[in-house]
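Structural description and commentary
Read off the chains here:
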Amino acid sequence: MKFQEKKTFDDQLELMNNLSKRFFSRAHQVDIDGSFPFENIQDLKDTGYTSLTVPKKYGGKEISLYDMLRFQEKIAEGDGATALSIGWHMGIIKNLSEKNSWKEDIFKKICEDVLNGSLINSAATEPKTGSPTRGGRPETTAHKEGNQWIINGRKTFTTMAPVLDYFIVSATLKDTNQAGNFLVPRSTKGIVIEETWDSIALRGTGSHDLILKNVSVPEEYYVEQIGIEGKKASGWLLHIPACYLGIAKAAKKYAIEFALDYSPNSIEGSIIELPNVRQKIGEMELKLMESEYFLHSVAKQWDESEEQGRAMMGPILGAAKLTVTNNAITVVDLAMRLVGARSLSLKNPLQRYYRDVRAGLHNPPMDDMTIQLLANNAINAIRKSK
């Protein structure tokens, strides 16, 4: 069954729920092996999910940010690594559509390829620059030779590297010292994927190093200059907290199912009746409600806003990410406290959830940057009111 054949959002969510269960059945082995969930990504392609953010004018569904986040949460309930991986692809297509910053013929070609199953992600992080959100200039370089751009460098954390068809590579232009993004097809000569991903969290994202050795792309594949208009608010990045919210929901579900079934001989019935257990469940539910209402309302605000309104949403987007991610960490911790030592078993999904949600602290925007942004926003508001 394909998403395009489902007429209502609830029907689409049910299809995603079925996929999520399938992903969960594979998640443990992918995590243990540190491999890549090829089957999950193929399932998402086969159902048409990977093309849902393609604009309608190019044959896609152009789903809302809110709908995308709901689907991403459901994927993460089954497997966080799969959710975060495909979330970059889904969000980038949505972002490019909203920004309208690429030449139309190039973006149209990408969208047509996505409709046929192609996947895309950005390759921006480098060993010495750290997170691109910190403002480091790329050490990857590009220079012009005739009508071709020649790119050299190394990128880290290239999520979904095993299956990407296109890379958006940031590089510094040698002749101008400006930075720009280049579209690099996987088939381009000089592309090397070095399998360096050894993280204990989200082990199935395949976030390996991308090495570019005299990679040559046509001049029109210099798709945009970086930093001309400053950093824009990016609603699509809410796919990140959506992933961790989904993992936290899975942790709560596991903990409640455990409490319903576990009956030590020291008590009558199961531990679900114990006040301290119910206290933890109530605390988990409260954190999840906070996260859902915050994340979903911000997504709806983004969907309903015009460009000018979206430009003002940077602080609230960062706040949503910070709140949801940290709440997810708390929820998983509470679930593990409820389940006890069994949660530390390698066979228990809670220990995987525990490792996976920690990764959210290192996804953009970072907590310290968000707090500073919120502080500046609050101070400037008071200054203007005087």
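Refer to the preceding data block for the structure.
The model shown is predicted, which means the values in this text are computed figures rather than measured ones.

Rules used throughout
Residues numbered from 1 in each chain as written. Predicted model: local features only at pLDDT ≥ 70, side-chain atom pairs only at ≥ 80, totals over all residues. Heavy atoms only, no water. Helix = DSSP H or I, 4+ residues; strand = E, 2+ residues; numbered from the N terminus. Rg over C-alpha atoms; globule rule 2.2 N^0.38 Å. Contact = heavy atoms within 4.5 Å. Lys, Arg positive; Asp, Glu negative; His and termini not counted. Charge placed at Lys NZ, Arg CZ, Asp CG, Glu CD. Core = buried A, V, L, I, M, F, W, Y, C linked by side-chain atoms within 4.5 Å. Buried < 20%, exposed > 50% of the residue type's maximum accessible area, 1.4 Å probe, protein only. Axes fitted to C-alpha atoms, helices over the stretch in contact; angles between N-to-C directions. Parallel < 35°, antiparallel > 145°, perpendicular 65-115°, else oblique. Nonpolar A, V, L, I, M, F, W, Y, C, P; charged D, E, K, R; others polar. Salt bridge = Lys/Arg side-chain N within 4 Å of Asp/Glu carboxyl O. Left-handed = near helix turned anticlockwise from the far one by under 90°. Expected span 1.5 Å × (residues − 1).

Some points on the overall build of the protein chain
Tallying secondary structure elements over the protein chain gives 11 helices and eight strands in all. For the protein chain, whose C-alpha radius of gyration is 22 Å, the value lies close to the compact-globule estimate of 21 Å for 386 residues. Sequence separation of at least 24 residues holds for 73% of the intrachain contacts in the protein chain that already meet a minimum separation of 6. A gap of 2 Å separates the mean positions of the 48 positive and 48 negative side-chain charges of the protein chain.

Looking at the nonpolar core
With 106 residues, the main nonpolar core has Tyr49, Trp102, Tyr244 and Leu338 as its most contacted residues. Not counting the four nearest positions on each side in its chain, Tyr49 is found in contact with Phe3, Met16, Leu44, Met68, Phe71, Gln72, Ile75, Ile86 and Met90.

Concerning the packing of helix α1 (residues 9-33) against helix α10 (residues 349-358)
Orientation of α1 relative to α10, taken along the N-to-C sense of each, is 70°, at an axis distance of 11 Å. In terms of orientation, α1 and α10 fall into the roughly perpendicular class. Note on element contacts: α10 touches α1 through Pro349, Arg352, Tyr353 and Arg355, opposite Phe24, Ala27, His28 and Asp31. The residue inventory of the contact of α1 with α10, partitioned by class, reads four nonpolar, one polar and three charged.

Details of the pattern of salt bridges
Enumeration according to the criterion identifies 20 salt bridges in this entry. Between Asp31 and Arg355 there is a salt bridge, with the nearest N and O atoms lying 2.7 Å from each other. Taken together, the positions of Asp31 in helix α1 and Arg355 in helix α10 put the pair 324 residues apart, joining distant regions of the chain. In this structure Asp31 comes out as buried when scored by relative accessible area, which is 7%. A relative accessible area of 15% places Arg355 in the buried class. In this structure, Lys249 and Glu73 form a salt bridge, with 2.8 Å as the shortest nitrogen-oxygen distance.

Details of the packing of helix α6 (residues 239-261) against α10
As a packed pair, α6 and α10 sit with axes 10 Å apart at the nearest point and diverge in direction by 155°. In this view, α6 runs roughly antiparallel relative to α10, as classed from their interaxial angle. Remark: the crossing between α6 and α10 carries left-handed chirality. From α6, Tyr244, Ile247, Ala250, Ala251 and Tyr254 reach across to α10, where they touch Pro349, Leu350, Tyr353, Asp356 and Val357.

Overview of helix α9 (residues 314-339)
Over its 26 residues, α9 runs 38 Å from end to end, which matches the ideal 38 Å to within 8%, given 1.5 Å per residue. Counting buried residues in α9 gives 19 out of 26 residues, a clear majority hidden from the surface. Gly340, located one to two residues past α9, shows a positive phi value of around 85°.

Don't take any of this as a statement about function, it's just geometry.
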